[in-house]
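# Geometric and topological summary
Listed below are the residues making up each chain.
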Amino acid sequence: MRLGLSAKFTITVLVILLCTMAANTLYFLGTSTRLHEQQLLERGRALGRLVSLISPEAILGFDFLLLNDYTREVCSQPDVAYGAILTPQGVPISHHVDTSDPYIRKRARQGGSVEITELIKKREGVEDLIRLDFPITHNNVLLGHFLVGISRESMQSQLQRQVVIQAVVTSAIVLFLSAAIYGAFRFNVLFPIRRLISASREVGRGRFTAVEVKTADELGQLAQAFNAMAQEVKEEQAKLHRQANFDVLTGLPNRMMAFDRINLEIHRARRTGQRFAVLFIDLDNFKSVNDTLGHAFGDELLAAIGARLQESLREADTVARLGGDEFLILVPDVVGEVEVEKIAERLLQSVSEPRDLNGRKVVIHCSVGIAIYPDNGENVETLMANADNAMYQAKALQEGSAIFFTEEMNVRLRERMQMEQDLNVAIELGQLALHFQPIVDTAGPRHRGAEALIRWHRPEKGLVSPADFIPLAEATGQIVGIGDWVLEQACRCWRGWHDAGLNPGFLAINVSRIQFRKRFSRRLAELMTAYRIPAHALEFEITESVLLDDHHQVAEELASLRALGVKLALDDFGTGYSSLSYLKRFRFDVLKIDRSFVAGLPRNPDDVSLVKAILAMAKGLDLRVLAEGVEHHAQLDFLAAQGCDFAQGYLIARPMSEDAYRAFLKERQTKGDASNLTFIHHARTNTGRGTV
Amino acid sequence: MGIHQVSIRAARRAGILLLLCLTAAASPALRAEDGPLVLGIFPRYNATETTTRYTPIADYLQQRLHRKVTLLTSKDFQSFWRGIEERRYDIVQYNQYHYIRSAKTYQVIAHNKEFGKSTMAGALYVRKDSGITDLKQLRGRTVLFGGGEDAMISYIVPMYMMLQAGLKKDEIKSEFAVTPINSVIGVYNKLAEAAGSADNALGQPVIRNAIDTDQLTALAVSEQLLQLPWAVKRTTPTKLREAIQAALVNLEGTEAGRNILKTALLTGIGKAQDRDYDPHRKMVRAVTGGSD
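Remember, it's a predicted structure, so these values are computed and weren't measured experimentally.

Broken down by element type, chain B carries 10 helices and 13 strands. Taking all 292 residues of chain B together, 47% fall into the buried category. Long-range pairs, those at least 24 residues apart, make up 77% of the contacts in chain B with a sequence separation of at least 6. Accessible surface computed for chain B: about 13,900 Å², of which carbon and sulfur atoms make up 52%.

In structure tokens, the structure reads:
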């Protein structure tokens, strides 16, 4: 049973009061009993002394009537059960008994004559009697005894009455005090506490009501503290609500709020039968802005775009920031797709407008994916996913465009998901394989090494291009496992060839920026130790995108690689930022000219100029240059003439399997470089180039 | 009847009335200016009770005698007897022995009636369980008498009876209680073997309230003797003596008088003369050795 505070308090007070009052009553009764006993004794003694003082004359004069008067008078006194004057021999000569005494009355009712001495003796046997004996003397001669019996009966009955009265009074006092204390407790403590409890429950329900502070005592202070706490909770809750539902940076509703709004809109639309649109917006290349201009700038840009989006829409529309550079627009009451298309165009235009931020003129575009309720989904998740999917399609198709969701998109999405799942087990099932494309000197057909290229033999689908699955692996993080597999396979192959007495030269291995972040150098060191790979046997190709990441970490990792003694090559130079500062800051051994510049050689003057410039710059920076995608003799001749160090491409050799490359190496070792570098090598046909 | 005859009759009546008044004024016994009469009552009760019981009689006599009557109480028998000897009392009520001793100076005129009787007898009481059935058995025993040796009924008469039975005074151990009633209670309480008292002692309420009288029995009862005497000085004028006697005796005749008597615990007062106390004299002589 749960007892309330009031019940506990009342019981405690009752117990305390009862104990106190009971102790007080017992003490009072004890004292009263002693006092009464003392009074009885005093009275008996007074009577006895008086009678023994006045009796001698009557005894000497045989004045029994007078003695009778004495004993009668004594017996008429309260509480005296009997009075008797006896001769020294014990013969009673005068006596009187109180006929109202219960014992004597009982004896009287029993009838028969009873000697007074016997009666007295029997009466004295009853415990409630005080027996007093006073000698009666005259001139030191004993004349007799005066016996007086004082009954405690009336005292006891009086005490019993007192006990009853005391109990009644005590009970009344206890009840009154309890009621008074309970009343005071209820009014002064319980009510404020109940108000606090009620207010606490209200706070729990999210309704903040201040408790009235009536007193300055502890409860008043508690109420004040509660009010302060409630106010803080209220503010904190509002803050949490803002944080939970609004984006701190832009002040726009966040993903959660966007979900709620879409949910509400779904319910409303179900009732009204209307349609609404969900637009997914992703800024194109926003990462570059962050990376180049800093996160603070990026944040300012996001805030400005959020504001711009909001300005471009109606009040009924919702703009939310989903995170990063993703925005969502909820457009209710859509009549037709044309209306949505116009809105999307307006948004694209609004985002694309140049803006000045911190003295910089910034132009950024966005891609928009559109899903319509109920055509493209009847719940939040589907609508969001489809809009997102459409947005990715737009981004893939053409950045800065808006695309309505179609079912085909879902097909592609499912394919992508299937590929992701298949890729998860590709290593275990041995579907991945390394191919090697030889690298030679441009000056003479001398073999230098090979670039390791990954291939995926997907059952029922055939050979999958790295261009198709590497971006997916990077996006899903699977690239880390794949990259590690590539690295180990490359080390294993090199060791195998070397142990077979072949000279494999160096192996160029592509490293993803994702892979680079995972302490790549440590894993490399382990494998180099495990396979006893000399440092000159490995060259790692990294793209400029790797360098865009945290400079400090990148510098550290590059320094670690360099400490291991391996060579570093900057891949796809010229396609990205081609920042000279990177070349200055990070020391590379080799620059790889992208195949897109090689393809136009030697007829395209732009490519010629660009390749010449790269080569000149590399010379100035003491870098070796490798041109990839060399497919014609003219290209090779031009590159050789311009001082390009290495070449790679179909002209030299197509990528080949491990076994094929082993055979290639064996043949080269047997017959010399000229034997298999006739630029018509028998490598199998390949549809693309490796990028790993 | 004519006016003349009426006047003669009225004159005659006035003359008779005047004569009576002169006669009354000339009588020394009935004149208030002769000084107060002193009424003495022997200390049978204590002074307070005596005053309470006898003041109505004194007032009555004063009214009847047209003289102031003063009630004089005594604290004990000695002082009372001194008053007798000094003849301080004009009217006195005392016991038979007192009268016999003062008969030379006082003359009995009346006697008390108590419990409707003019006489009473002396008696000796013993406990029934004492085994005493004969006066001779009292030889060597303690006899508790009421009052003292001058108590007529509770000492002289019981002693007379014992003497008559052949006992001698020194053969019994005499003790005296303050009253005859107490002597009876003393025997009941076994403080003595016999008690000398009046023959009506056991019937008195005071005794019946105090003890179980069934435990007692009368061993011997004397002849009936006249009750307590009322006497006046022998020098009292005859008319006054007769007026006093008449006043006392007449009390019984009226309701008011009976109430006065009742207050004094009496049922009446009868006439008495000296020879009525001769039986008493005989007993006194036998007990006291011959002198009155």
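There's more to say after this.
Turning our eyes to something else, we now look at the overall build of chain A. Regarding its fold elements, chain A presents 24 helices and 20 strands. Per-residue burial over chain A gives 46% buried out of 692 residues. Partitioning the intrachain contacts of chain A with sequence separation of at least 6 by distance along the chain shows that 66% fall at a separation of at least 24. As displayed, chain A offers around 34,700 Å² of accessible surface, 55% of which is attributable to carbon and sulfur atoms.

Turning next to the sheet that holds strand E1 (residues 37-41) of chain B. Strand pairing in a sheet is mediated by backbone hydrogen bonds. Such pairs are either parallel or antiparallel. Residue and element names in this part refer to chain B. The mixed open sheet is built from 6 strands, whose spatial order is E2-E1-E3-E12-E4-E13. On the outer flanks of this sheet lie strand E2 (69-72) and strand E13 (268-271), each paired with one strand and no other. Ignoring which end each strand starts from, the neighbouring axes of this sheet average 25° apart. When E1 meets E2, the two strands line up parallel, connected through 4 bridges.

Below, the discussion takes up the side chain of Ser-52 of chain A. All names here are of chain A. Considering the arrangement of structural elements, one finds Ser-52 in helix H1 (residues 5-60). Of the residues examined, Ser-52 reaches a relative accessible area of 14% and is grouped as buried. Of the polar contacts made by the side chain of Ser-52, one reaches the backbone oxygen of Arg-49; its length is 2.9 Å. Ser-52 has contacts with Phe-134, Pro-135 and Ile-136, leaving out every residue within four places of it along the chain.

By the element assignment, Leu-135 of chain B lies in the loop between strand E6 (122-127) and strand E7 (142-146). Distance from Leu-135 of chain B to Met-162 of chain B, taken between C-alpha atoms, is 6.3 Å for residues 27 residues apart in sequence.

Residues and elements named next belong to chain A. Spatially, the 4 strands line up as an open sheet ordered E2-E1-E4-E3, and their pairing is antiparallel. The open sheet terminates on both sides in strands that have one partner only, identified here as strand E2 (92-97) and strand E3 (129-138). Taken over all neighbouring pairs, the strand axes of this sheet differ in orientation by 10° on average, direction set aside. Taken together, the 5 bridges between strand E1 (residues 80-86) and E2 define a ladder with antiparallel strand orientation. Bridge pairing in E2 links Ile-85 to Ser-94. In the packing of H1 onto the sheet, the strands contacted are E1, E2, E3 and strand E4 (141-151), and the crossing angle to E3 comes to about 30°.

With that settled, the discussion passes to the pattern of salt bridges. Scanning the entire structure with this criterion turns up 39 salt bridges over all chains. A salt bridge links Lys-395 of chain A to Asp-282 of chain A; the shortest N-O distance between them is 2.7 Å. Remark: Asp-282 of chain A occurs in strand E5 (residues 275-283) and Lys-395 of chain A occurs in helix H11 (residues 380-397); sequence separation between them is 113 residues. Between Arg-258 of chain B and Glu-255 of chain B there is a salt bridge, with its nearest N and O atoms 2.9 Å apart.

Bringing the nonpolar core into the picture now. Phe-540 and Leu-591 of chain A are the most contacted members of the largest nonpolar core, which totals 82 residues. For this core, the leading source of residues is helix H14 (residues 479-499) of chain A, giving 10 residues. Setting aside its immediate chain neighbours within four residues, Leu-591 of chain A contacts Leu-570, Phe-573, Leu-583, Ile-614, Met-617, Ala-618, Leu-623, Arg-624, Val-625 and Leu-626 of chain A. Counting residues in each nonpolar core, the second largest holds 42 residues, with Leu-29, Ile-93 and Met-155 of chain A together with Tyr-125 of chain B among its members.

Attention now moves to unusual backbone geometry. Residue and element names in this part refer to chain A. The linkage connecting Tyr-373 with the following residue, Pro-374, adopts the cis geometry, with an omega of 0°. Locating Pro-374 in the fold gives a position in the loop between strand E10 (366-373) and H11. That bond from Leu-601 to Pro-602 is cis: its omega, -5°, falls within 30 degrees of zero. Assignment of secondary structure puts Pro-602 in the loop between helix H20 (595-598) and helix H21 (605-620). Although it is not a glycine, Asp-79 adopts a positive phi angle of roughly 70°. Here Asp-79 is to be found in the loop between helix H2 (64-75) and E1. Non-glycine residue Asn-139 carries a positive phi angle of around 50°. Positionally, Asn-139 belongs in the loop between E3 and E4. Classification of Asn-139 as exposed rests on a relative accessible area of 64%.

A cluster of nonpolar side chains, Leu-3, Ile-11 and Val-15 of chain A, forms an exposed patch at the surface whose accessible area comes to about 240 Å². Here Val-15 of chain A lies in helix H1.

All names here are of chain A. Within helix H22 (residues 633-642) the residues assigned to the buried category are Gln-635, Leu-636, Phe-638 and Leu-639. Burial along H22 is one-sided: seen end-on, the buried residues are contained in an arc of 165°. Summarising the contacts, the buried residues of H22 are in contact with H20, H21, strand E19 (624-628) and strand E20 (646-648).

Let us now look at the side chain of Gln-204 of chain B. Residues and elements named next belong to chain B. Within the secondary structure layout, Gln-204 lies in the loop between strand E9 (194-198) and helix H7 (205-210). A relative accessible area of 17% means that Gln-204 is categorised as buried. For Gln-204, the contacting residues outside a window of four places in its chain are Phe-115 and Ile-181.

This part covers the pairing of strand E15 (residues 506-510) of chain A. All names here are of chain A. For E15, a buried count of 5 out of 5 residues is recorded, marking the element as mostly surrounded by other parts of the structure. Two elements, E15 and strand E16 (residues 538-543), share 4 bridges in a ladder whose sense is parallel. In the sheet register, Leu-507 faces E16, and the bridge partner there is Leu-538.

Residue and element names in this part refer to chain A. Per-residue pLDDT for chain A averages 85, and the proportion of residues at 70 or more is 92%. Element-level mean pLDDT values for chain A span from 59 in helix H24 (residues 673-676) up to 94 in E15. Here residues 680-692 is a poorly scored stretch, pLDDT under 50, and it has 39 contacts once near neighbours within four places are set aside; other chains count.

For the rest of this paragraph, the subject is the interface of chain A and chain B. For interface size, the figure often reported is the accessible area lost on association. Taken together, the contact pairs 10 residues of chain A with 13 residues of chain B. Of the roughly 920 Å² buried where chain A meets chain B, counting both sides, 70% is carbon and sulfur surface. Broken down residue by residue, the surface that chain A buries against chain B is led by Phe-62, Phe-64 and Leu-65 of chain A, which jointly contribute 59%. Our enumeration of links across chain A and chain B arrives at 0 salt bridges. Seen at the junction of chain A and chain B, the total is 5 residue pairs in polar contact (both at pLDDT 80 or more). Listing elements by their share of the side of chain A that touches chain B, those giving two or more residues are H2 and E2 of chain A. Residue composition of the side of chain A that touches chain B, grouped by class: 6 nonpolar, 3 polar and 1 charged.

With that settled, consider the packing of aromatic side chains. Aromatic rings considered in pairs are described by the distance between their centres and by the relative angle of their planes. Residues and elements named next belong to chain A. Per the counting criterion, the structure on display carries 21 aromatic pairs over all chains. For the pair Phe-520 and Phe-540, a centre-to-centre distance of 5.1 Å together with 80° between the ring planes defines the contact as edge-to-face. With Phe-520 in helix H16 (residues 520-531) and Phe-540 in strand E16, this pair connects stretches of sequence that are 20 residues apart. Taken as a pair, Phe-520 and Phe-540 share a single burial class, namely buried.

The subject of this paragraph is the packing of helix H2 (residues 47-65) of chain B against helix H8 (residues 238-250) of chain B. Residues and elements named next belong to chain B. Two elements in contact, H2 and H8, have axes separated by 10 Å at closest approach and are oriented at 130°. Taken together, the axes of H2 and H8 are oblique relative to one another. Between H2 and H8 lies a crossing whose hand is right-handed. Residues Ile-57, Tyr-60, Leu-61, Arg-64 and Leu-65 of H2 form the contact with H8, whose participating residues are Leu-240, Ala-243, Ile-244, Ala-247, Leu-248 and Asn-250.

Averaged over every residue, the pLDDT of chain B is 87; the share at 70 or more is 87%. With a pTM of 0.48, the predicted complex shows an ipTM of 0.74.

With that settled, the discussion passes to the packing of helix H9 (residues 295-312) of chain A against helix H10 (residues 337-352) of chain A. Residues and elements named next belong to chain A. Interhelical geometry of H9 versus H10 gives an angle of 145° and a closest axis separation of 9 Å. In this structure, H9 meets H10 at a crossing whose hand is right-handed. From H9, Ile-305, Arg-308, Leu-309 and Ser-312 reach across to H10, where they touch Arg-346, Leu-347, Ser-350 and Val-351. Here the residues of the contact of H9 with H10 are counted per class, giving 4 nonpolar, 2 polar and 2 charged.

Definitions and cut-offs
- Along every chain, residues carry numbers that run from 1 in the direction the sequence is written.
- As they are written, the chains are lettered A onward and the ligands numbered 1 onward, keeping that order.
- Per-residue local features of the predicted model are confined to residues with pLDDT of at least 70, and side-chain atom pairs are confined, for both listing and counting, to 80 or more; whole-chain, interface and lining totals are unaffected and use all residues.
- Hydrogens and water are ignored here; the side-chain numbers use all heavy atoms of the structure.
- A run of H or I in DSSP becomes a helix once it reaches four residues, and a run of E becomes a strand once it reaches two; helices and strands are each numbered from the N terminus.
- A simple rule labels every residue: compare its accessible area, found with a 1.4 Å probe on the protein chains alone, to the largest value its type can have, and call it buried under 20%, exposed over 50%, or partly exposed in between.
- By definition in these notes, contact holds between two residues if any of their heavy atoms fall within 4.5 Å.
- The Shrake-Rupley method, run with a 1.4 Å probe sphere, supplies the accessible areas, and residue values consider only the shown protein chains as cover.
- Here a strand pair is declared whenever DSSP counts at least two bridges between the two strands.
- Note on geometry: axes are C-alpha line fits, over the in-contact stretch for helices, and angles between N-to-C directions span 0 to 180 degrees.
- Two N or O atoms form a polar contact when they lie within 3.5 Å of each other; inside protein one atom must be a possible hydrogen donor and the other a possible acceptor, and for residues adjacent in sequence the pair counts only when both atoms belong to side chains.
- By definition here, a salt bridge exists when the distance from a side-chain nitrogen of Lys or Arg to a carboxyl oxygen of Asp or Glu is within 4 Å.
- We define a nonpolar core as any set of buried Ala, Val, Leu, Ile, Met, Phe, Trp, Tyr and Cys residues linked to one another through side-chain atoms lying within 4.5 Å.
- Patch members must show over 30% relative accessible area and no salt bridge, and they are joined within 9 Å when carrying like charges or within 5 Å when they are nonpolar side chains of Val, Leu, Ile, Met, Phe, Trp or Tyr.
- Along the arc lie the directions from the helix axis toward the C-beta atoms.
- Confidence scores per residue from the predictor, reported as pLDDT, run from 0 to 100.
- Buried area: the accessible surface (1.4 Å probe) lost by two parts on joining, summed over both.
- Note that Gly is not counted as nonpolar here; it falls among the polar residues with everything else outside the nonpolar set of Ala, Val, Leu, Ile, Met, Phe, Trp, Tyr, Cys and Pro and the charged set of Asp, Glu, Lys and Arg.
- Ring geometry is summarised as follows: Phe, Tyr and Trp rings, the Trp one being its six-membered ring, pair when their centres sit within 6.5 Å, and such pairs are stacked at plane angles under 30 degrees, edge-to-face over 60 and tilted between the two.
- Oblique is the label for any angle not covered by the other classes, which are roughly parallel (under 35 degrees), roughly antiparallel (over 145) and roughly perpendicular (65 to 115).
- Left-handed describes a crossing in which the near helix is turned anticlockwise from the far one by less than a right angle; the clockwise case is right-handed.

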